[in-house]
Amino acid sequence: MINKGWFKAKGARFNQYLRQRSLRDCPNIILISLDTLRADHVGCYGYHRDTTPNIDRLAAEGIVFKNAFSTSSWTAPAHMSMLTGLWPTEHGLVQYPNPGVLSKGVPLLAEILWDAGYMTLGFHGGGYMSPHWGFGRGFHVYQTRGRDLKHNLTSCLAWIRKFRNRRLFVFLHGFDCHRPYDPPDGFDCFSTGLTSSYTVAQLYEKNAPLPQNGEDIEKIIAKYDGNVRFADHMIGKFIGELNGVGLLENSIIVVTADHGDELGEHGYFDHIKSLYDETIRIPLVIRGPMSVDHGSIVERLVSTVDIVPTILNTVHIPSPPGCGGENLVHSIGDNSVGRSRVVYGSTGYQGDFLKNRENLRGHPEMPRPQILHYARNERWKLVCGYDAGGVELYDVCDDPGEQRDVADVYPGKRLELLDGLKRLGCLEWGGFAKSNARGNVANEELKAQLKELGYL
């Protein structure tokens, strides 16, 4: 468990240190999270559609981490890892729909940077990013004007202009890529000419028909891509405004996502309930005043738990004790470092919400345990329940779509990855008692936001 007092002592000393340094030596920090953005639908990750010209431009000026993975397949646990540097079994917010509240003994990135003298500004899409679950701690400003970037960008930029002479940490989050996929006018550019009459809203209507053929699925994917294009447009607008007030060149910009979304690969259009790569492989692009070549590409496995130590080490703040992440910038140019690394993640449903339903292939879904974990290295991917039940093993080099379970063929690899999960405490229920689940049930306002997002 992280000792928050340790951070306050460090922060108090570092605050004085910061004031002695120039603004150039202590860059602003901009962390942008596009909820539900899959890596394989981003241009700089090889996607065939022109979905992300602005993110691609940032990538060309910075670093692209080609094999970045989230710690969960849904918003609350994934973002809590992103903002604490802890695996889900350590911060404890895992199970849907009431993940709990982060323990007060675990500091968020915003708290650490506040203690170090940064002005901390957060703008989010509501729902599972609400302060109700503990995300607002450490922010001087933490607000939402709506679910998407377009709702929050004006307020975000106004606060940035107001405090442009301070050292800034800005966290900007939006559900722009999240279901239901409904691109605004001018951005539904990939579904033109498709004849399917299927509407994406039908995916989330009770007893509505599932997509019946490839054309239906193609339309859903085209709608998703339209959302991605609009989210990228908003990123471009934000970067342009940042440049306009003279802050771009002295800012570390991190663009990432909390998780992806299934687009029919394993029979569903969803996340939360599975940990296949379409739900956990995410983009990670870093641009900033760092001594690295523009357009650097890192192939080795990295995780969203690496974001906290990377940001902190870049501004000379030590990583928190117990942090599971690495400083990514230090390893640029050495793709051999960490090649044997294993990354982890978890997701979960609370009892009544774990229900069977038919998948696209017309077969009943196999019952899932209430908690799922994954462990992944550069070749092998293991998924299992909290009690090591329902084990699946995939050779992701030979079978990147995770269609052939080889757990019985390679028992040694299965046991090796299970051992890693065991060391993290993933195979015990007690690992999830760290969040306070009492009294954290969503209120009516939050329920309305979650319903709009298709959760309830």
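Above this text you will find the structure in question.
Residues numbered from 1 in each chain as written. Predicted model: local features only at pLDDT ≥ 70, side-chain atom pairs only at ≥ 80, totals over all residues. Heavy atoms only, no water.

1. A word on the overall build of the protein chain
Point 1. Check the secondary structure of the protein chain and you find 11 helices and 14 strands.
Point 2. Per-residue burial over the protein chain gives 60% buried out of 456 residues.
Point 3. Expressed as a percentage of contacts within the protein chain between residues at least 6 apart in sequence, the contacts between residues at least 24 apart total 73%.
Point 4. Accessible surface, the protein chain: about 17,800 Å² in total, of which carbon and sulfur atoms supply 49%. (Helix = DSSP H or I, 4+ residues; strand = E, 2+ residues; numbered from the N terminus. Buried < 20%, exposed > 50% of the residue type's maximum accessible area, 1.4 Å probe, protein only. Contact = heavy atoms within 4.5 Å. Areas by Shrake-Rupley, 256 points an atom, 1.4 Å probe, with all protein chains shown as cover.)

2. Observations concerning the packing of helix H6 (residues 149–162) against helix H7 (residues 214–244)
Point 1. Here H6 crosses H7 at 10°, and the two axes come no closer than 11 Å. On the basis of their axis angle, the class for H6 and H7 is roughly parallel. Where H6 approaches H7, its residues Leu149, Lys150, Leu153, Cys156, Leu157, Ile160 and Arg161 are matched on the opposing element by Phe230, Ala231, Met234, Ile235, Lys237, Phe238, Glu241 and Leu242.
Point 2. Classifying every residue of the contact of H6 with H7 by side-chain character gives 11 nonpolar, no polar and four charged. (Axes fitted to C-alpha atoms, helices over the stretch in contact; angles between N-to-C directions. Parallel < 35°, antiparallel > 145°, perpendicular 65-115°, else oblique. Nonpolar A, V, L, I, M, F, W, Y, C, P; charged D, E, K, R; others polar.)

3. Focus: the packing of helix H2 (residues 53–60) against H7
Point 1. Here H2 crosses H7 at 55°, and the two axes come no closer than 7 Å. Classified by the angle between their axes, H2 and H7 sit oblique to one another. Seen from H2, the contacting residues are Pro53, Asn54, Ile55 and Leu58; seen from H7, they are Arg229, Asp232, His233, Ile235, Gly236 and Ile239.
Point 2. Residue composition of the contact of H2 with H7, by class: five nonpolar, three polar and two charged.

4. Topic: the sheet that holds strand E11 (residues 343–349)
The strands making up a sheet associate through backbone hydrogen bonding, with each pair oriented either parallel or antiparallel.
Point 1. Taken in spatial order, the five strands line up as E3-E11-E12-E13-E14 in an open sheet, and their pairing is mixed. Strand pairing shows two members of the sheet lacking a second neighbour, strand E3 (95–96) and strand E14 (392–395), which therefore form its edges.
Point 2. Bridging between strand E13 (residues 380–385) and E14 involves four bridges; their strand directions are antiparallel. Bridge pairing in E14 links lysine 381 to tyrosine 394. (Pairing = 2+ DSSP bridges.)

5. Regarding the nonpolar core
Point 1. Within the largest apolar cluster, 104 residues are counted, with the highest numbers of intra-cluster contacts made by Phe169 and Phe238.
Point 2. The element that contributes the greatest number of residues to this core is H7, accounting for 10 residues.
Point 3. Other than its neighbours up to four places away in sequence, phenylalanine 169 contacts Ile29, Leu31, Leu109, Ala110, Leu113, Tyr118, Met119, Thr120, Leu121 and Phe139.
Point 4. Core analysis: the second largest hydrophobic core is formed by 22 residues, Ile280, Leu382, Val383 and Leu393 among them. (Core = buried A, V, L, I, M, F, W, Y, C linked by side-chain atoms within 4.5 Å.)

6. Here we look at the environment of alanine 59
Point 1. Among the secondary structure elements, alanine 59 is positioned in helix H2.
Point 2. Judged by relative accessible area, which is 4%, alanine 59 ranks as buried.
Point 3. The spatial distance from the C-alpha of alanine 59 to the C-alpha of histidine 294 is 8.0 Å, given a sequence separation of 235 residues.

7. A closer look at the environment of lysine 104
Point 1. With respect to the secondary-structure elements, lysine 104 resides in the loop between E3 and helix H5 (109–115).
Point 2. The sequence separation of lysine 104 and glycine 134 amounts to 30 residues, and the corresponding C-alpha distance is 8.7 Å.

8. Examining the side chain of arginine 179
Point 1. By the element assignment, arginine 179 lies in the loop between strand E6 (168–174) and H7.
Point 2. We classify arginine 179 as buried; its relative accessible area is 5%.
Point 3. Within the local environment of arginine 179, its side chain forms a polar contact with the side chain of aspartate 270, the two groups lying 2.8 Å apart. (Polar contact = N/O pair within 3.5 Å; in protein donor to acceptor, adjacent residues only side chain to side chain.)

9. So, the pairing of strand E4 (residues 119–123)
Point 1. With five of five residues buried, E4 is to be regarded as a mostly interior element.
Point 2. Residues Met119, Leu121 and Phe123 point to one face of E4 and Thr120 and Gly122 to the other, with burial holding for every one of them.
Point 3. In this structure, E4 lies alongside E6, joined through five bridges in parallel fashion. Each residue of the ladder has a partner; that of methionine 119, found in E6, is leucine 168.
Point 4. As paired strands, E4 and strand E5 (residues 141–143) are joined by three bridges and run parallel to one another. Following the sheet pairing, leucine 121 is matched in E5 by valine 141.

10. Looking at unusual backbone geometry
Point 1. Residue proline 97 is bonded to the preceding tyrosine 96 through a cis peptide linkage, with omega at 10°.
Point 2. In this model, arginine 179 is joined to proline 180 through a cis peptide bond whose omega is -10°.
Point 3. Residues other than glycine seldom take positive phi values, yet isoleucine 272 does so here, at roughly 70°.
Point 4. Positionally, isoleucine 272 belongs in the loop between strand E7 (251–256) and helix H8 (277–280).
Point 5. What makes isoleucine 272 buried here is its relative accessible area of 2%.
Point 6. Here histidine 316, not a glycine, exhibits a phi torsion of approximately 65°, which is positive.

11. Points about the environment of serine 70
Point 1. Positionally, serine 70 belongs in the loop between strand E2 (63–69) and helix H3 (75–84).
Point 2. According to the relative accessible area criterion, serine 70 is buried, its value standing at 0%.
Point 3. Placed 189 residues apart in sequence, serine 70 and histidine 259 show a C-alpha to C-alpha distance of 6.0 Å.
Point 4. Leave out the neighbours within four places in its chain, and serine 70 touches Ala78, Asp258, Ile280, Ile282, Thr304, Tyr344 and Tyr374.
Point 5. Within the structure, serine 70 has its side chain in polar contact with the backbone oxygen of aspartate 258 (distance 2.5 Å).

12. Here's the deal with the side chain of histidine 373
Point 1. By the secondary structure assignment, histidine 373 is in strand E12 (residues 371–376).
Point 2. Within the structure, histidine 373 has its side chain in polar contact with the side chain of serine 346 (distance 2.7 Å).
Point 3. Separated by 2.5 Å, the side chain of histidine 373 and the backbone oxygen of cysteine 426 make a polar contact.

Purely geometric stuff here, so don't read any function into it on its own.
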